Amino acid sequence: MSRFAFFTNIPTPHKVYLFNLLHERLNGEITFYFLSKTTKKRKVWEDSLKDANFPYEILESRVFRVNFGDEGYWFFPKRLPDIKRFKKVVISGGLTPLELFLAFRCVANGVPYIVWSEAINLFGGNIVLRALRIPIRFLIFSLAECVVCGSSMAEKHARTLGAKRTIINYTTTNLNAFLYDKKHSGRCLNIIYLGRLIKRKGVDTLIKAVSGLNWVKLYIVGDGEERENLKALAKRLNVGAEFINWKDYNDIPRFIRKFDILVLPSKNEVFGYVVLESLASGVLPIVSECVGSKDLLNDFLVFKFGDYNGLKDKITSLRSSKLRNKLVNELKDKVLRCASPEVWADKFFKILTKS
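The notes below deal with the structure included here. (Residues numbered from 1 in each chain as written. Predicted model: local features only at pLDDT ≥ 70, side-chain atom pairs only at ≥ 80, totals over all residues. Heavy atoms only, no water.)

## Thoughts on the sheet that holds strand 2 (residues 30-35)
Spatially, seven strands are ordered 3-2-1-6-7-8-9 in an open sheet, and the strand pairing comes out parallel. At either end of the open sheet lies a strand with only one pairing partner, and these are strand 3 (56-59) and strand 9 (166-168). Each neighbouring strand pair of the sheet contributes to a mean axis angle of 20°, computed without reference to strand direction. Looking at chain direction, strand 1 (residues 4-9) and strand 6 (residues 88-91) are connected through four bridges and run parallel. Bridge pairing links Phe6 to Val90 in strand 6. Strand contacts of helix 6 (residues 152-160): strand 7 (113-117), strand 8 (146-149) and strand 9, with the helix running at about 170° to strand 9, the strand carrying the most contacts. (Pairing = 2+ DSSP bridges. Helix = DSSP H or I, 4+ residues; strand = E, 2+ residues; numbered from the N terminus. Axes fitted to C-alpha atoms, helices over the stretch in contact; angles between N-to-C directions. Contact = heavy atoms within 4.5 Å.)

Rendered as structure tokens:
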């Protein structure tokens, strides 16, 4: 019988790898319960569960839609396991009324629970749901034995909303396929953006930053609603940006190592796996101050969101291949020590097994 339960949304492929490690570390004494959603993205992620080596159950849910302003929804499982039989419970996901309900069930049954939180703000999404986030998150955080945070931004958010005990445990991924001993050379830079082309990603800032830098070649990889607007901006600013359709994830490791710098200029980024993947590949990342993985970089590689002149200055200063090699070597070692899947699993093991 499992001593521990882990409630979360259907996981991304990155998290399946983490959950396999945690299951192994706990000698199989954990069961995962995935909260079923109807979104297309989650349905696709279900395919990644073929790689799961841990016991899990997808809980069939009732969905309640809220169609005021932006569409939103709550969902509640039709059935839950008996909470009393677990020693500890992990609650993750969207920190919605469902997670609060799970927290209350734990408290009512005298079972301590841990929150795994990657939340960093209260805004965005449906306006009705947004209004309830403060009281819901305050109760979830304040009643928890511990809140495990995916970054310092997530930790600040949790503490502001009532968390009494927190620990940072970086949300990482399997980096083995990305490991590459890249040697930087030359003063002409190949810069890549890799991700969705939506407004909050701030890709327009990157295009403005490289305007006039004729020694930079920009590659924008991804799809999304802003693609045509970004193409028009690049044309207007005479930026020779090459737009590339989204690549299969298995092709990314060999692809990303071709570049010198990766830029993630987001307005709101919980963490940013691609930052870890780029460093493992020997590609130097530059990120906005609103990206969670900035914790693993130095200030030299972080710029104020929307400040394209500040980003331009940082790109210009990195024309030196000697400096790029120095920074990559220092930061790559730090990432592999502080944000490896093994570290993630070990921290969770200690939190769950601590009396």
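From this point, things continue past the structure.
## A short note on helix 7 (residues 203-210)
Counting buried positions over the eight residues of helix 7 gives six, a clear majority of the element. Within helix 7, the full set of buried residues consists of Val203, Thr205, Leu206, Ile207, Ala209 and Val210. Those residues of helix 7 hidden inside the fold are in contact with strand 10 (189-194), strand 11 (216-221), helix 8 (227-236), strand 13 (261-264), strand 15 (302-303) and helix 11 (308-317). At the C-terminal side of helix 7, Gly212 shows a positive phi close to 90°. (Buried < 20%, exposed > 50% of the residue type's maximum accessible area, 1.4 Å probe, protein only.)

## Focus on the layout of surface pockets
Gaps left between atoms show up when a probe the size of a water molecule is rolled over them. By volume, the second largest pocket amounts to about 150 Å³. Class assignment for the residues of the lining of the second largest pocket results in three nonpolar, three polar and one charged. (1 Å grid on protein atoms, 1.4 Å probe; cavity = no way out; pocket = protein on both sides within 12 Å on 5 of 7 lines; lining within 4 Å. Points joined across faces, edges and corners; volume = space filled by probe spheres on them. Nonpolar A, V, L, I, M, F, W, Y, C, P; charged D, E, K, R; others polar.)

## Description of the packing of helix 7 against helix 8
Contact geometry for helix 7 and helix 8: axes closest at 10 Å, N-to-C directions at 15°. On the basis of the axis angle, helix 7 is roughly parallel to helix 8. Crossing geometry of helix 7 relative to helix 8 is assigned as right-handed. Counted together, Val203, Asp204, Ile207 and Lys208 of helix 7 and Leu230, Leu233 and Ala234 of helix 8 form the full contact between these two elements. A class-by-class count of the residues in the contact of helix 7 with helix 8 yields five nonpolar, no polar and two charged. (Parallel < 35°, antiparallel > 145°, perpendicular 65-115°, else oblique. Left-handed = near helix turned anticlockwise from the far one by under 90°.)

## Some points on the nonpolar core
Of all hydrophobic cores here, the largest spans 61 residues; its most connected members are Ile191, Leu206, Leu218, Ile220, Ile286 and Ile315. Listed in part, the 34 residues of the second largest apolar core include Leu35, Val147, Leu161 and Ala163. (Core = buried A, V, L, I, M, F, W, Y, C linked by side-chain atoms within 4.5 Å.)

## Side note on unusual backbone geometry
Even without being glycine, Asn27 reaches a positive phi, approximately 55°. Within the secondary structure, Asn27 sits in the loop between helix 1 (13-25) and strand 2. Note on Asn27: relative accessible area 70%, which makes it exposed. We note that Asn238 has phi near 60°; this positive angle belongs to a residue other than glycine. Relative to the elements of secondary structure, Asn238 occurs in the loop between helix 8 and strand 12 (242-244).

Don't take any of this as a statement about function, it's just geometry.
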